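Listed below, chain by chain, are the residues.
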Amino acid sequence: MSDEVSIFILVLNTLLYGNTQVYNATVTLQPNWSLIYSGETITVRCEIQGGGDTEWEYEWNTTSSNKPPTHNEYRINGATVSDSGDYKCRGRKDYSLTQWSDVIRLTVSSDKPQASLRADRTVIPAGGNVTLTCSVRPMTCVSQEGLYSCRGGRGDRVYYTEYSQSVSIDITDKPRPVLTVSPSWLSPGASVTLNCEVKHPSAGWRFYWYKTVPDLSHNYYSYELLPGNSRGTEQDSYIVHGQTHTAGYVCRTGKGDPVYYTENSEPKFVWSGDFHPAASLTVNPDRVQHFTSDSVSLSCEGNSAEWRVRGFNEHDSLSHCSDWRRMTGSTCNVGLYWSDDAVYWCESGSGEFSNAVNITVQNDFSGSLSLKERIRALQQTKQSNMMIINNKYIPFFSMVMFVSMKQSEALETLKKGNVINQRK
């Protein structure tokens, strides 16, 4: 029916019946996708605005190769390129005839789309996660290594895209942060600053701070959160105020929701030489400087029946007495070697740290001098760079000769050289 005839019928209807109401037709797509792909399902629908849904006859006009029926809906199952085109409709009821609707264009593509997958990183630590973003779907997080790909789908009878290219995700060991403490030795009133460093820093890390509590049953430590950081801190440093005794600390970091945590750092310590009533260390012989081949006893005393002696050397290696010497009750008996330079302290079964002692060891190749004489030989006075041996003064340069001789030979040699004067 031509547009001229439609207009004539509309005018005649108005003259004969006085019906001046004009209805408008609209074409919609369900789902509302102007571009669909071969094989998808879509419905082209003609709606009469304000005219109700019954008793209307529908007329379609399309440039596509396929002609819609006379119903208000045209469901296209498994669309093909031949369904592409412009669609418009109008409705007829009794003596009412709508105008043609506006044109809606439907395009059917024969090319199946391919999704694109992107990972924000391809190597993650154990327990971590990576965000995968698919170009036709929302992003998602994964925490397992493997080969990942994605595809998109839409519609009630789901139409799927081609799979994306694969992305390989690899998992490495959990990172372990590094903790540093400053100062190493406590002084009255000083604060302790803890710094926690992650090997590969990135945004979003929070830092968690703990003090170590000796746990003799497991031969290591349990950890207690330091005050005010139950949810971690944004800063990579933490200040401990009021610490007066030897203590150990660790840190770890976490990020994400749920939180992914790194390993705990290795423990680091601050030491105090002050005696603690609940735990104390005594050294016999009581001195800082020792010689190889010496025997030294490290004894723990305090409010506990269980003890262990710890050592921390210049290589940041933490050990305990049973690793390298013999622990008898609360005493560690040590035959010293040049590698035994370390800071030593006691830890109790009740979770206390003792005072700490820094012991250095010097080589004594002959091992022939008495322990008392070798101690005195290494005690430098504040007067004229002299050394004291059995209450006698000798120049510091004579010390090397002295420690390599027997006592009687050394004293006789020094007397002949007139380097010993009886202390007044």
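Residues numbered from 1 in each chain as written. Predicted model: local features only at pLDDT ≥ 70, side-chain atom pairs only at ≥ 80, totals over all residues. Heavy atoms only, no water.

**Notes on the layout of surface pockets**
Roughly 320 Å³ of internal volume is contained in the largest pocket. Taken together, 18 residues form the lining of the largest pocket, with Lys211, Thr212, Gln243, Ala247 and Phe353 sitting closest to its centre. Every element with two or more residues in the lining of the largest pocket is listed here: β19 (206-215), β20 (220-225) and β22 (247-255). (1 Å grid on protein atoms, 1.4 Å probe; cavity = no way out; pocket = protein on both sides within 12 Å on 5 of 7 lines; lining within 4 Å. Points joined across faces, edges and corners; volume = space filled by probe spheres on them. Helix = DSSP H or I, 4+ residues; strand = E, 2+ residues; numbered from the N terminus.)

**Side note on the sheet that holds strand β30 (residues 326-328)**
The four strands lie next to each other as β25-β27-β31-β30, forming an open sheet whose pairing is antiparallel. The open sheet has two free edges, formed respectively by β25 (279-284) and β30, since each of these has just one partner strand. With direction set aside, neighbouring strand axes in the sheet form an average angle of 20°. Where β25 lies against strand β27 (residues 295-302), six bridges are found, and the strand directions are antiparallel. (Pairing = 2+ DSSP bridges. Axes fitted to C-alpha atoms, helices over the stretch in contact; angles between N-to-C directions.)

**A short note on the nonpolar core**
Among the nonpolar cores identified, the biggest contains 20 residues, and Val44, Ile76, Tyr87 and Leu106 are the most heavily contacted of them. Every element with two or more residues in this core is listed here: β1 (24-30), β3 (42-49), β4 (57-62), β5 (73-76), β6 (85-93) and β8 (104-109). The leading source of residues in this core is β3, at four residues. Setting aside anything within four residues of it in sequence, one finds Val44 in contact with Val27, Thr28, Leu29, Trp60, Asn72, Glu73, Tyr74, Ile76 and Tyr87. (Core = buried A, V, L, I, M, F, W, Y, C linked by side-chain atoms within 4.5 Å. Buried < 20%, exposed > 50% of the residue type's maximum accessible area, 1.4 Å probe, protein only. Contact = heavy atoms within 4.5 Å.)

**A word on the pairing of strand β28 (residues 307-313)**
Within β28, six of the seven residues are buried, leaving the element largely enclosed by the surrounding structure. Note: β28 against strand β32 (residues 342-348), seven bridges, orientation antiparallel. Among the inter-strand pairings, Phe312 is bridged to a residue of β32, identified as Val343. Alignment of β28 against strand β29 (residues 318-320), held across three bridges, turns out to be antiparallel. What sits directly across from Phe312, in β29, is Leu318. In sequence, β28 turns back onto β29 through a hairpin of four residues, with Asp316 there showing a positive phi of about 60°.

**As for the pairing of strand β31 (residues 331-335)**
With five bridges connecting them, β27 and β31 associate as antiparallel partners. Looking at the pairing, Val296 lines up with Val334 of β31. Where β30 meets β31, three bridges bridge the pair, whose relative direction is antiparallel. When the sheet's bridge partners are listed, Thr328 is paired in β31 with Thr331. What sits between the antiparallel neighbours β30 and β31 is a turn of two residues, in which Gly329 has the positive phi angle 60°.

**So, the environment of Cys196**
Inspection of the secondary structure puts Cys196 in strand β18 (residues 192-197). Taking C-alpha positions, Cys196 is 9.1 Å from Gln235, a pair spaced 39 residues apart along the chain. Contact partners of Cys196, with chain neighbours within four places excluded, come to Pro177, Val178, Leu179, Phe207, Trp209, Asp236, Cys251, Arg252 and Thr253.

**Some remarks on the sheet that holds strand β10 (residues 123-125)**
Reading across the sheet, the three strands line up as β10-β16-β13 and stay open at both edges, with mixed pairing between neighbours. On the outer flanks of this sheet lie β10 and β13 (146-148), each paired with one strand and no other. Direction aside, the axes of adjacent strands within the sheet are offset by 30° on average.

**Examining unusual backbone geometry**
The peptide bond linking Ser182 to Pro183 adopts the cis configuration, its omega dihedral lying at 0°. A cis amide bond links Asn284 with the next residue in sequence, Pro285, at an omega value of 0°. By the secondary structure assignment, Pro285 is in the loop between β25 and β26 (289-291).

**Re the confidence of the model for the protein**
Low-pLDDT portions of the prediction should not be read for the details of their coordinates. Looking at the protein, pLDDT values average 78 and 76% of them are 70 or higher. In the predicted structure, residues 14-18 sits below a pLDDT of 50 and forms four contacts with residues beyond four places in sequence or in another chain. In the model, residues 379-424 has pLDDT below 50 throughout and makes 73 contacts with residues more than four positions away in sequence or in other chains. (pLDDT = per-residue confidence, 0-100.)

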